[in-house]
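Listed below, chain by chain, are the residues.
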2 protein chains.
Amino acid sequence: MLYELYYWPTIPGRGEFVRLALEDAGADYIDVGREPAADGWGVAAIMRYLDGEATDRPPFAPPFLKAGDLIVSHVANILQFLGPRLEQVPEHEAARLWAHGLQLTITDFTAEVHDTHHPLGPGLYYEEQKEAAARRAVLFIRDRLPKFLQYFERLLAANPAGNAHLLGKDCSYVDLSLFHMLTGLRYAYPKTMQRLEPKLPRVATLAERIAQRPNIAAYLASERRLAFNENGVFRHYPELDQP
Amino acid sequence: MLYELYYWPTIPGRGEFVRLALEDAGADYIDVGREPAADGWGVAAIMRYLDGEATDRPPFAPPFLKAGDLIVSHVANILQFLGPRLEQVPEHEAARLWAHGLQLTITDFTAEVHDTHHPLGPGLYYEEQKEAAARRAVLFIRDRLPKFLQYFERLLAANPAGNAHLLGKDCSYVDLSLFHMLTGLRYAYPKTMQRLEPKLPRVATLAERIAQRPNIAAYLASERRLAFNENGVFRHYPELDQP
């Protein structure tokens, strides 16, 4: 199966959660937004789906995935769809529901990271909402960030199949997403993470191990991997990274 | 099957999306948070799951649903789980993925409604972030609210099975959730909605029809239905409801 991933071409963003799953599995996929417009790809191809020109089930926003005739939108929905196909989630229904619930917590976590630089919404640039961002970031760093990270630390400690993964004994798409979250947070909030990580040994170890998985290591070293930058979810604004 | 819904007892909030699905189907359920602590229910019962005392798969936050031994967290995950069991979603995989994607768009929409009164996050009271809220609400009303609502209006117009529902020819859990969204928005932003609704005839008609479904009408008239108030997602602050 050739998968088509539709996502903005210049940021890791939310699309990166999907890229990591496809890359770790060695799946055959096209990163549509980054392919030439001359071949019918690029941002114009994304817009044809959002406009409803190419489908009568238009997604509200990227990322979305095309798999044959199926269109699947939202990160957690895409990963739930790919999970069994890429063997990145256990078979039992209880485990799949648990994995999807965890992924939805990562969705919420991601939105809160984004809101630290856009507390007044997506309609203004960061530079137009810096004061509100500074106030939100202080609260995020003090309360929300530790709460989310300690939750995942606690789950790793409690996994009956071992501390290496969030569920079961093998790597799941949720582990890959937690890796992306940690990598993004280290980019956006380096001082804060340096302070918090000693209290999160299992989360930190999980991230190291994911980075060393052969397909992930090859991907991270490739040109397919986009660098974090100040247009995505994880942005490094030193003024927000305060204790 | 007796379902146990775990959610805060004093607000419609996000739990209401689940309550409406259970009520419309006439399902047998316990609204755990509202049952007596003396019987082992109430908020203490919710906390035992969040603390990890009652489960080794603790949810991050309510709502969550218990169905036999299964625990399902996050509104969209719960509705996806209940959908086939309550016959509130079509059978085909493509339709189920589409329904879940729409529900996740409603999740994002709900978060943005909440952020209008809490732009700096959940750690401060509204009264402590009124200025930022006023700025965010202006942008929400101008850009985001019409964008979300027109998206659903467009989907209703494009449904090949008719304008009465978002997908297929029957009422789905997504229709019930859109009803809750519209009801909540009318409570929170009455002036704004009065201005917008003439341009949203299909969304408005859907909400009228859902309210008239026998089980929903009976529920809305019952004591089980909690009134909107200023502790939930949909809050009426007249100062935010400005053109």
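Residues numbered from 1 in each chain as written. Chains lettered and ligands numbered in written order. Predicted model: local features only at pLDDT ≥ 70, side-chain atom pairs only at ≥ 80, totals over all residues. Heavy atoms only, no water.

J.: Lay out the overall build of chain A in plain terms, naming residues and giving numbers.
T.: Scanning chain A for helices and strands turns up nine helices and four strands. What you see in chain A, going N to C, is helices and strands ordered as β-α-β-α-β-β-α-α-α-α-α-α-α. Its C-alpha atoms give chain A a radius of gyration of 18 Å, near enough to 18 Å, the size a compact globule of 243 residues would have. Dimensions of chain A, computed from C-alpha atoms along their principal axes, come out at roughly 50 × 50 × 30 Å. For chain A, the residues scored as buried account for 59% of the 243 residues in total. Surface summary for chain A: the accessible area is close to 9900 Å², and the carbon and sulfur share equals 51%. Here chain A contributes 26 positively and 31 negatively charged side chains, and the mean placements of these two sets differ by 7 Å. (Helix = DSSP H or I, 4+ residues; strand = E, 2+ residues; numbered from the N terminus. Rg over C-alpha atoms; globule rule 2.2 N^0.38 Å. Buried < 20%, exposed > 50% of the residue type's maximum accessible area, 1.4 Å probe, protein only. Areas by Shrake-Rupley, 256 points an atom, 1.4 Å probe, with all protein chains shown as cover. Lys, Arg positive; Asp, Glu negative; His and termini not counted. Charge placed at Lys NZ, Arg CZ, Asp CG, Glu CD.)

J.: An account of the nonpolar core is needed here, citing residue identities and associated values.
T.: If you look at the biggest cluster of nonpolar residues, it comprises 70 residues, and the most contacted ones within it are Tyr-3, Phe-109, Phe-152 and Leu-185 of chain A. A per-element tally of this core places helix H5 (residues 130–158) of chain A first, with 11 residues. Once you skip the residues sitting within four places of it in the chain, Tyr-3 of chain A turns out to touch Leu-22, Ala-27, Asp-28, Tyr-29, Ile-30, Leu-65, Lys-66, Ala-67, Phe-81, Leu-82, Arg-85 and Leu-86 of chain A. Among the nonpolar cores identified, the runner-up in size contains 69 residues, and Ile-11, Cys-171, Tyr-189 and Leu-206 of chain B belong to it. (Core = buried A, V, L, I, M, F, W, Y, C linked by side-chain atoms within 4.5 Å. Contact = heavy atoms within 4.5 Å.)

J.: An account of the relation of the copies chain B and chain A is requested, with residue identities and associated values reported.
T.: Two copies of a chain can be linked by a rotation about an axis combined with a shift along that same axis. By a simple turn and slide, chain B fits onto chain A: the slide is 0.0 Å along the axis, the RMSD is 0.0 Å, and the turn is 180 degrees. Those values place the two copies in the arrangement expected of a two-fold rotation axis. Ranked by how close their C-alpha atoms come to the rotation axis, the residues of chain B are headed by Pro-119 of chain B, at 2.6 Å. Taken together, the interface assignments show that 100% of the residues at the interface of chain B recur at the interface of chain A, consistent with an identical surface on both copies. (Least-squares fit on C-alpha atoms with pLDDT ≥ 70 in both.)

J.: Lay out the environment of Gly-13 of chain A in plain terms, naming residues and giving numbers.
T.: Considering the arrangement of structural elements, one finds Gly-13 of chain A in the loop between strand S1 (2–6) and helix H1 (15–24). Not counting residues within four places of it along the chain, the set of residues in contact with Gly-13 of chain A comprises Tyr-7, His-180 and Val-233 of chain A.

J.: Give a description of the sheet that holds strand S3 (residues 64–67) of chain A that names residues and reports values.
T.: Residues and elements named next belong to chain A. The four strands are arranged S2-S1-S3-S4 in an open sheet whose pairing can be described as mixed. A single partner strand is all that each edge strand has here, and the edge strands are strand S2 (28–31) and strand S4 (70–73). Going from strand to strand, the sheet's axes swing by 20 degrees on average, the running direction of each strand aside. Pairing between S1 and S3: four bridges, direction antiparallel. Residue pairing across strands places Tyr-3 opposite Ala-67, the latter belonging to S3. Helix H2 (residues 43–50) rests against S1, S3 and S4 of the sheet, and its axis sits at about 90 degrees to S3. (Pairing = 2+ DSSP bridges. Axes fitted to C-alpha atoms, helices over the stretch in contact; angles between N-to-C directions.)

J.: How would you sum up the confidence of the model for chain A? Please name residues and give values.
T.: Chain-level pLDDT for chain A is 97 on average; 100% of the residues reach the 70-or-more range. On the interface metric, ipTM, the complex scores 0.97, and its pTM is 0.98. (pLDDT = per-residue confidence, 0-100.)

J.: A description of the packing of H5 of chain A against helix H8 (residues 201–212) of chain A should follow, citing residues and the corresponding values.
T.: Each pair of packed helices can be described by the angle between their axes along with the distance between the axes. Residue and element names in this part refer to chain A. One can describe the packing of H5 onto H8 by two numbers: an axis separation of 8 Å at closest approach and a directional angle of 80 degrees. Regarding the angle of H5 to H8, the classification is roughly perpendicular. Of the residues in H8, those touching H5 at Leu-149, Phe-152, Glu-153, Leu-156 and Ala-157 are Pro-201, Arg-202, Val-203 and Leu-206. Among the residues making up the contact of H5 with H8, the classes are represented as seven nonpolar, no polar and two charged. (Parallel < 35°, antiparallel > 145°, perpendicular 65-115°, else oblique. Nonpolar A, V, L, I, M, F, W, Y, C, P; charged D, E, K, R; others polar.)

J.: Tell me about the pattern of salt bridges, and name the residues and values.
T.: In this structure the tally under the stated criterion is 30 salt bridges over all chains. The closest approach of N and O atoms between Glu-16 of chain A and Arg-19 of chain A, which form a salt bridge, is 2.9 Å. Taken together, the positions of Glu-16 of chain A and Arg-19 of chain A, both in helix H1 and three residues apart, correspond to about one turn of that helix. Each member of the pair Glu-16 of chain A and Arg-19 of chain A is classed as buried. The salt bridge involving Arg-19 of chain B is made with Asp-31 of chain B; its shortest N-O contact spans 2.7 Å. A residue pair is termed long-range when its members are at least 10 positions apart, and Arg-19 of chain B in helix H1 (residues 15–24) and Asp-31 of chain B in strand S2 (residues 28–31) qualify at 12 residues. For Arg-19 of chain B, a relative accessible area of 0% gives the class buried. Beyond isolated ion pairs, a larger network of salt bridges with shared partners links Glu-16, Arg-19, Asp-31, Arg-34 and Arg-225 of chain A. (Salt bridge = Lys/Arg side-chain N within 4 Å of Asp/Glu carboxyl O.)

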